[in-house]
Each structure stands twice: as structure tokens, then as C-alpha cells.
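Each chain is listed here by its residues.
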Amino acid sequence: MAEGSAGGDGAVDWDALRTAAREAMTHAYAPYSRFPVGVAGLVDDGRVVTGCNVENASYGLGLCAECGMVSDLARTGGGRLVAVACVGGDGQPLMPCGRCRQLLWEHGGADMLIETVSLGIVPMRTVLPDAFGPDDLVAAAERDA
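- Going by what an unreviewed UniProt entry lists, the protein is known as Cytidine deaminase and is assigned to Geodermatophilus maliterrae.
- The UniProt entry for the protein carries this comment under Sequence similarities (unreviewed entry): "Belongs to the cytidine and deoxycytidylate deaminase family."

Here is the structure:
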């Protein structure tokens, strides 16, 4: 998909998303890794939600930036993510970890656009093929019924 494409939902301003992600990254709490991360997502109603990573002395309890963004999504009224840009401390695109790709799938689905390091801007189905999601739970429940 082209950089300006939002899959029929209008143009995505990727520069604005990256800028919002960079601003969010400045609020990261990363004293242990010194690896701040910021993320910004365009919601289907036009809002932009953001998040930053928040570490903890008990390393496993740290929160990825995408977790904060999805929390912001829920806090501000929900909806579906249309496009997401994630950046590292240098302000350049950063690919979300596997756990966060699953989280993004849950809240954006197969058509959500994501900026990647090596592929450019692609739909989630490209970075998480054969993803497991809510539809799989519904199908399993129907089979068990």
C-alpha cells in the first residue's frame, strides 16, 4: 500500500503519526534499558492515541509503548486502530515486539497499517500472517456448542 493510503479510510498523515510517536517517546521511563520507545496510532474516528514504554526494577513488569497506547485507546472511547507508527530513541521507525504485534492485531485487525523497518508501510496481515484473534475464539465456541 502506498504511504498515503489508509485502506479506504482516507489519507494517513504518517509524518504527523511519527511526530506524535516521537513526542510520546520523550515521556518514556527507561532507566534500566535506556531504550525509550514511543508509539502513535490513528483511530477510525480520527483521534490519535499515543503511548511510551514504562520500565520497572522487576524487569518483567515493564510495559511496552503499545500497551500504553492501547490503554489510551480504551480510556478515550475505544474504536479501531487504522495506522500505527512506532519509534525508538533515535526517532526512527521501530518494529513492535511479538507480544505487541498481537495486541495491535486485537485492536486494529488485519487491515491496520503499520510502518515497518524493512517493508515500509504494510497491513498487519503482512507482519502477522495467520494471526490468532477474537474470531478464533468465536469459532471455537461455536464448534464446542
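## Some words on the state of the cysteines
Inference 1: For the structure shown, the criterion picks out zero disulfides.
Inference 2: Not part of a disulfide, Cys97 finds its nearest cysteine sulfur in Cys100, a span of 3.6 Å.

## Topic: the pattern of salt bridges
Inference 1: Within the structure shown, the criterion is met by five salt bridges.
Inference 2: The residue Asp15 makes a salt bridge to Arg18 at a minimum N-O spacing of 2.8 Å. Of this pair, Asp15 and Arg18 both sit in helix α1 (residues 14-25), three residues apart, roughly one helical turn.
Inference 3: Salt bridges linked by common partners bring Asp15, Arg18 and Glu115 together as one network.

What counts as what
- Residues numbered from 1 in each chain as written.
- Predicted model: local features only at pLDDT ≥ 70, side-chain atom pairs only at ≥ 80, totals over all residues.
- Heavy atoms only, no water.
- UniProt positions renumbered as here; feature names shortened; annotations may be inferred.
- Disulfide = S-S within 2.5 Å.
- Salt bridge = Lys/Arg side-chain N within 4 Å of Asp/Glu carboxyl O.
- Helix = DSSP H or I, 4+ residues; strand = E, 2+ residues; numbered from the N terminus.

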